[in-house]
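# Descriptive analysis of the structure
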Number of protein chains: 4
Amino acid sequence: MNNHIEKVFRDPVHGYISVNHPIILKLINTKEFQRLRRIKQLGVTSEVFHGAEHSRFEHSLGTYEIARKICDYFSNNFRTQSTNDGLWDNNECLVTLCAALLHDVGHGAYSHTFEHLFNTNHEKITCQIITNPTTEINQVLKQVSLDFPQKVASVINHTYPNKQVIQIISSQIDADRMDYLLRDAYFTGVNYGRFDLNRILESMRPFNNQIVFDISGMHAVEDYVLSRFQMYQQIYFHPTTSSMEIILSKLLQRIKDNFKNNKPIDNSLVKPLEPFLNENWNIKDYLKLDDQLLNSCFNLMTNDNDPIIADLADRFINRKPFKSVIYNDKSINNLDKLKKQIQKVGYDINFYTDTNDTFDYPYSQDNEITFINKDHSTVKLSKLSKLITAIINQKVGEKRFFFPKELLSNDDLFKQEKNLFNTYIKNGHILES
Amino acid sequence: MNNHIEKVFRDPVHGYISVNHPIILKLINTKEFQRLRRIKQLGVTSEVFHGAEHSRFEHSLGTYEIARKICDYFSNNFRTQSTNDGLWDNNECLVTLCAALLHDVGHGAYSHTFEHLFNTNHEKITCQIITNPTTEINQVLKQVSLDFPQKVASVINHTYPNKQVIQIISSQIDADRMDYLLRDAYFTGVNYGRFDLNRILESMRPFNNQIVFDISGMHAVEDYVLSRFQMYQQIYFHPTTSSMEIILSKLLQRIKDNFKNNKPIDNSLVKPLEPFLNENWNIKDYLKLDDQLLNSCFNLMTNDNDPIIADLADRFINRKPFKSVIYNDKSINNLDKLKKQIQKVGYDINFYTDTNDTFDYPYSQDNEITFINKDHSTVKLSKLSKLITAIINQKVGEKRFFFPKELLSNDDLFKQEKNLFNTYIKNGHILES
Amino acid sequence: MNNHIEKVFRDPVHGYISVNHPIILKLINTKEFQRLRRIKQLGVTSEVFHGAEHSRFEHSLGTYEIARKICDYFSNNFRTQSTNDGLWDNNECLVTLCAALLHDVGHGAYSHTFEHLFNTNHEKITCQIITNPTTEINQVLKQVSLDFPQKVASVINHTYPNKQVIQIISSQIDADRMDYLLRDAYFTGVNYGRFDLNRILESMRPFNNQIVFDISGMHAVEDYVLSRFQMYQQIYFHPTTSSMEIILSKLLQRIKDNFKNNKPIDNSLVKPLEPFLNENWNIKDYLKLDDQLLNSCFNLMTNDNDPIIADLADRFINRKPFKSVIYNDKSINNLDKLKKQIQKVGYDINFYTDTNDTFDYPYSQDNEITFINKDHSTVKLSKLSKLITAIINQKVGEKRFFFPKELLSNDDLFKQEKNLFNTYIKNGHILES
Amino acid sequence: MNNHIEKVFRDPVHGYISVNHPIILKLINTKEFQRLRRIKQLGVTSEVFHGAEHSRFEHSLGTYEIARKICDYFSNNFRTQSTNDGLWDNNECLVTLCAALLHDVGHGAYSHTFEHLFNTNHEKITCQIITNPTTEINQVLKQVSLDFPQKVASVINHTYPNKQVIQIISSQIDADRMDYLLRDAYFTGVNYGRFDLNRILESMRPFNNQIVFDISGMHAVEDYVLSRFQMYQQIYFHPTTSSMEIILSKLLQRIKDNFKNNKPIDNSLVKPLEPFLNENWNIKDYLKLDDQLLNSCFNLMTNDNDPIIADLADRFINRKPFKSVIYNDKSINNLDKLKKQIQKVGYDINFYTDTNDTFDYPYSQDNEITFINKDHSTVKLSKLSKLITAIINQKVGEKRFFFPKELLSNDDLFKQEKNLFNTYIKNGHILES
């Protein structure tokens, strides 16, 4: 039996994830990889879509599984026969699979928000975890060859010489995106993210140092682009998610400010955060953090002495999102009037208001998806799909202003201020002045 | 618009969960209920089925949703017309919905294991959370009437006078079980748990103080019983899950032992556990615990001074399950021989071995499901289904012995002991002596 | 039990179809309605998507089921309280359900092609079947009231006074379209047609003599519009489907021509077609025809004396579609050159070539979908969705030229002609001259 | 590109069906194979489950697709290395695929009923179609080698020397059964038939001249056995389906009787049936028949002069099933009393009543499914699964008596007889006398 299977993981999105190579199984069993179980794929999104508790651990396995299918398909059908024929070099499989599996291993606790506050960078940290000799991952990779960790890291930072390998991990249609769209759709429970993965995989072709798609898969690819667009609009840019991220960001900012001003929180609580507050941390410090630890800290902070810390922690842990309204270039002038009323009611507007704009190009011409005709001529997606032509380079999204929900009630002392506040708002939009 | 909808939650299992009553929305927004987000529905099962990260929060919403559908269906179709006609009393809807939503609110961190070690009881605690005046849940329920909390609690402890209400929450086919079977199947990614919820719901009938099923729904009910059986066999009784529970249990036991023997772990870590170690805790202490807090503690304990604590915490946090083998009444005699080798290798067998038997009656005659014929005569499921007749009262399951995985390797000092150990095992079973 | 259910049909798309009114069950059991079992929903499409064998019978039941859900939802939530409040009049339910069920009952054998050749019109015939006293359907409808058949017919021909009823049956988002998109997607096996029916249904509102949608359902409606567009592009406009329709059309044309020229086909075969060939038919003649009868005739015609009849029948019955190439305003000039070669090879170009253009507006501003805000102001879809704004009024589709597949081979006598033919074609397009 | 794909068919059950070998594509395009489009997979079942319009054409493609996956999997993983190693011989792929594709090609119009009346046998006819030099299928198969048709036929009649090939096509878990269970479940819309095809396929192993299953796939196989059982109980043995088959059988019997008695039906109608009525038919006659032709004949027969023919044809075409009641060894004595009343009402009991028993062994010990342990020892399913042990050799099913629905009404002349008739029946069972 030539194709020994090491282990099979049951997976709701792909059915099964098959691990055939012992190195992959060993990587999964490292503590740095197991840590991804304690980091949610979508951060605070589960506060809005309660099914979205899925972890980066399973997304990483899923990305690996898609990469494995691509490698298998290429190896069986498009294996290089001679130098420079532009086909798939079978020796690239293992580095591709390792890069796919590990591409997110540097993600930390509530990454996107945390990075912003503490100047960390999950991509760089991913490469460090892979190349730093103190990690279990590095130990495992070195069993392949001493330069193998560096090779895997170079796929992730896009410097690897074989561009096909890079495109499998990172491009308009890569294993990463395909897995997270399907997975996020599955766990949030929306239909929009579902596209025809198998059809797309069977359309993929290695061709002249890049990955192209057979023309017969055009509609499946078009549907993928639309799905991605719909997921952005409805899940990733959901205003309540943004609202929870803002609360988290404000809370971390306050902790940072207090730390600088020598008004520390209960010492034992911030202990794991200290290296970051001191701006002097290493990989080991970073790997101690995860979503669960931060949540546990925040939970205890709901009894903090600083009322702003205590209140923001309560809003975050017990899900009391800010509300938001849409504004535009004409109504932006009213923002200050809104903030003024919020301040009058007693809120520190530095910690209780924020703006946010979430814009996306559903499909941009910079990095087009390429198709291959029967005669091996190539053509871009926007030349094939009328629907894509219609949306190419169209920027879509909205600008929002966030504030405490309490402003919308009018049953207390600050009735007058709140009433005034509400006169600037209609159907979820700030009125143009 | 008479039927105002307060809020809609997107749910992967039911599509949407509709909240039409303001009391329900307020209950969801209490901190005791939000805490369920931090408690996994299936505890350590996600270590085996990585998709199973779903929380008791969403299961509680799902149970509410099924109960809501039953109440709506009964109210529209089987509303009581005269006393003692055995039909549905519409005034019971709100108490039913509240009980459905709150039935698991007393679940704690890794409940089943924790209860065993610390003599807590999640059902009793559920009733306490509902009736204790310090909780937000109690405050909300009292807005209905002063005795309403007690009413809801009496549904949960089965003393409520209307037995139909109790059966909707707790019986062979209740809202709780139907939601968890579907939900656990969805998130683990298995097919077995899928049965025809809509068909079952449309077969339900209030009848003479109980809930029965229309005869036309027999096959859907039969399929539900089979699904439940398959889920037990394949998910709930999975040996690796049992293995992780045993590690957790041993770890908590060791913490308890050390505490009693005045060899405490780093103080700040066990702080939230202290009231339980002292056997002197209250609801407030209980509500501070959740899976994430315990995980965060265990994570730090991987550096503990007690090598057994540190090692068990590492096995738990970094997923290094014990292995297991099946034994029976004939091979049980060899257990001691296995333990002896384990001890020789250097493991304390009190913390590194355990036995476990997981047996279930797929369907028992004590509590049969009742069907109603067109002429209003009733008949039990086992009289209708040949398949159920075949399995009624049949006990199925297996006995397993757990031990460290290291025993199965033979690449070190203890080669001789390990080889001897393995001579007693064949194809996952202990040999009969 | 107030809400007696007459009958439940298992349905792959909706799970179950519930018939609660005896009139509906009687209509289903009429022979005119049962005849729809022998007419495929998508005509020749099953020659391309082999799963698409589903009948107009089940689509009609599905349309009824969606209409039933809308009526139930409106009756429970938006029932009119006073004249002119613009809400739903519960007395309209039965006429709505009957119109939904019967809206396609006038469809005939391969309707679209047949109508074109024989000047029949399935909408008019639907109304005739409903109002003609010789039909079983008319007999059943008259059991409601003598003018009830006319009422149902007036919904179908859009003259019914209550516009909400008409919109449920026929509008941008009606019960008919929603059922056929979901059903055609299910049976062809594509993903594209799947949208969130429940979400759309729960967004529907009767409002001021029309049907509008709650603003919260915008993304579900947007997804429906996209689904519809994708279904047109990939299923309804599939070139091989068009090709089979063209063969059918040419075959019927030839039969017609021969009949006029007194060169009749084997008499017994055309018997059921005779009234149509004589342009003198009645409802009874029409109802004798179905897809199966035509297929049986064509099957026998594969042995006809007229070689064109025999050959076209063989192509139709044994699935030998014409091939096609795309042309545009610049390459249209080459059409005659292509036809010339086809003629040289020996084909009568009147029966062996054709052109066809399939264009669609994915969404047009003429008949926009309307949403309602919380303050009861209304807004059009194109003002809400950037994606819809991008595609509104954009005409998409293609022009194709059809010809026998044999032209593409070059292994016979006519090698020279065929080679010349192929010089005008590249990658499926006619070259611009 | 080594693995050239000839054609891809979109399929609702498998996603896609891939044809890589030109012989397979040519076989699909033969007229004998295309004819399967006009024969429904489940005969009259669509009268009960309206979605079940799927054809034997698509089931045959699906069976081929599963066989293709098995062959691919075996070829990639278990290819024979030396004579008698019991592994898979790659040279067997094409014969396996052809046999899978063609295994049902001899099915005729409403096979099971037709065979019974006219002593045809679809399995024998399948072999004849394959080996008879007048068929297109035979012509295509001979392109492989002159003895290839005979080889394919010998797989189907179980005489082929390689038993692994036979088992892929025909055994407890073969490509045929796996496809029809999944497909019939999909098109009827029930959940029960859904099992984990991929898991089963990945568990299959060629081993010592047979096919076995890896022990890790046990639960998937167990679930398949249960699914099969549930499909029999709920779909294949549905009493209304049996009822429609009985009407069809009685109708054909009457046609046969009249023909023998020189009371022929309108000549042109029975023309295609004549060779069978004369008991003198050949393959060409057989291939002219399909479900659609029979339906077209029956449709015209609704106006036949023989009132029994006309009435039975009307019941069949316009779906007026007989009703049925269950009887057992004790109540069988009352059958004659029921028949007597039916006769009194005026029905010829030879054509208007029948009995039928549908029994099945969900799993029998004669032909057990075999699993293989890690140490290559084997074990039977019933030794592994407690659920299967419980049902092995248990015969389940029921005996039913069929009669015209009119007997259950009591609104006419025969009130007395009908009342008496109904006194023998309770809750769908004949009373024990």
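Each remark here, short or long, concerns the structure printed above.
Notes on the structure in this doc start here.

The rules behind these values
Residues numbered from 1 in each chain as written. Chains lettered and ligands numbered in written order. Predicted model: local features only at pLDDT ≥ 70, side-chain atom pairs only at ≥ 80, totals over all residues. Heavy atoms only, no water. Buried < 20%, exposed > 50% of the residue type's maximum accessible area, 1.4 Å probe, protein only. Helix = DSSP H or I, 4+ residues; strand = E, 2+ residues; numbered from the N terminus. Polar contact = N/O pair within 3.5 Å; in protein donor to acceptor, adjacent residues only side chain to side chain. Least-squares fit on C-alpha atoms with pLDDT ≥ 70 in both. Contact = heavy atoms within 4.5 Å. Pairing = 2+ DSSP bridges. Buried area = accessible area lost by both parts, 1.4 Å probe. Salt bridge = Lys/Arg side-chain N within 4 Å of Asp/Glu carboxyl O. Axes fitted to C-alpha atoms, helices over the stretch in contact; angles between N-to-C directions.

## With respect to helix α17 (residues 291–301) of chain C
Residues and elements named next belong to chain C. The buried count for α17 comes to ten of eleven residues, which makes it a mostly enclosed element. All of the buried residues in α17 are Asp291, Gln292, Leu293, Leu294, Asn295, Ser296, Cys297, Phe298, Asn299 and Met301. One side-chain oxygen of the residue at the start of α17 lies 3.1 Å from the amide nitrogen of Gln292, identifying that residue as Asp290.

## With respect to the relation of the copies chain B and chain A
Take chain B, turn it by 180°, move it 0.0 Å along the axis, and it overlays chain A with an RMSD of 0.1 Å. Given the turn and translation reported, the copies of this chain are related as if by a two-fold rotation axis. Taking C-alpha positions as reference, the residue of chain B nearest the rotation axis is B:Gln292, located at 2.5 Å. Most of the interface of chain B is mirrored in chain A: 100% of its interface residues are interface residues there too.

## So, the pairing of strand β3 (residues 204–207) of chain A
Residues and elements named next belong to chain A. Burial along β3 is two-sided: Met204 and Pro206 facing one way and Arg205 and Phe207 facing the other are all buried. Both β3 and strand β4 (residues 210–214) contribute to a ladder of four bridges, which runs antiparallel. From the neighbouring strand, Pro206 faces β4, where its bridge partner is Ile211. Between β3 and β4, which follow one another and run antiparallel, lie two residues, and Asn208 among them has a positive phi close to 50°.

## So, the interface of chain B and chain D
The interface of chain B with chain D comprises 26 residues on the first partner and 26 residues on the second. Here chain B packs against chain D, burying approximately 2000 Å² in sum over the two surfaces, 55% of which is carbon and sulfur. The largest contributions to the chain B side of the interface with chain D come from B:His219, B:Leu387 and B:Asn427, which together make up 23% of the buried area. Across the salt bridge formed by B:Asp375 and D:Lys426, the nearest N and O atoms sit 3.8 Å from each other. There are eight residue pairs in polar contact (both at pLDDT 80 or more) connecting chain B and chain D. For the side of chain B that touches chain D, the secondary structure elements donating two or more residues are α12 (218–236), α22 (386–391) and β9 (396–403) of chain B.

## Examining the sheet that holds strand β4 (residues 210–214) of chain D
Residues and elements named next belong to chain D. Read from one edge of the open sheet, four strands run β3-β4-β7-β8, paired in mixed fashion. Sheet topology places β3 (204–207) and β8 (378–380) at the edges, where each strand pairs with a single neighbour. Strand-to-strand twist of the sheet, defined as the mean angle between neighbouring strand axes without regard to direction, takes the value 45°. Pairing of strand β7 (residues 370–372) with β8 involves three bridges; the strand directions are antiparallel. Considered in β8, the bridge of Thr370 is made with Lys380. Lying on the sheet, helix α3 (residues 56–77) is in contact with β3 and β4; it crosses β3 at an angle near 60°.

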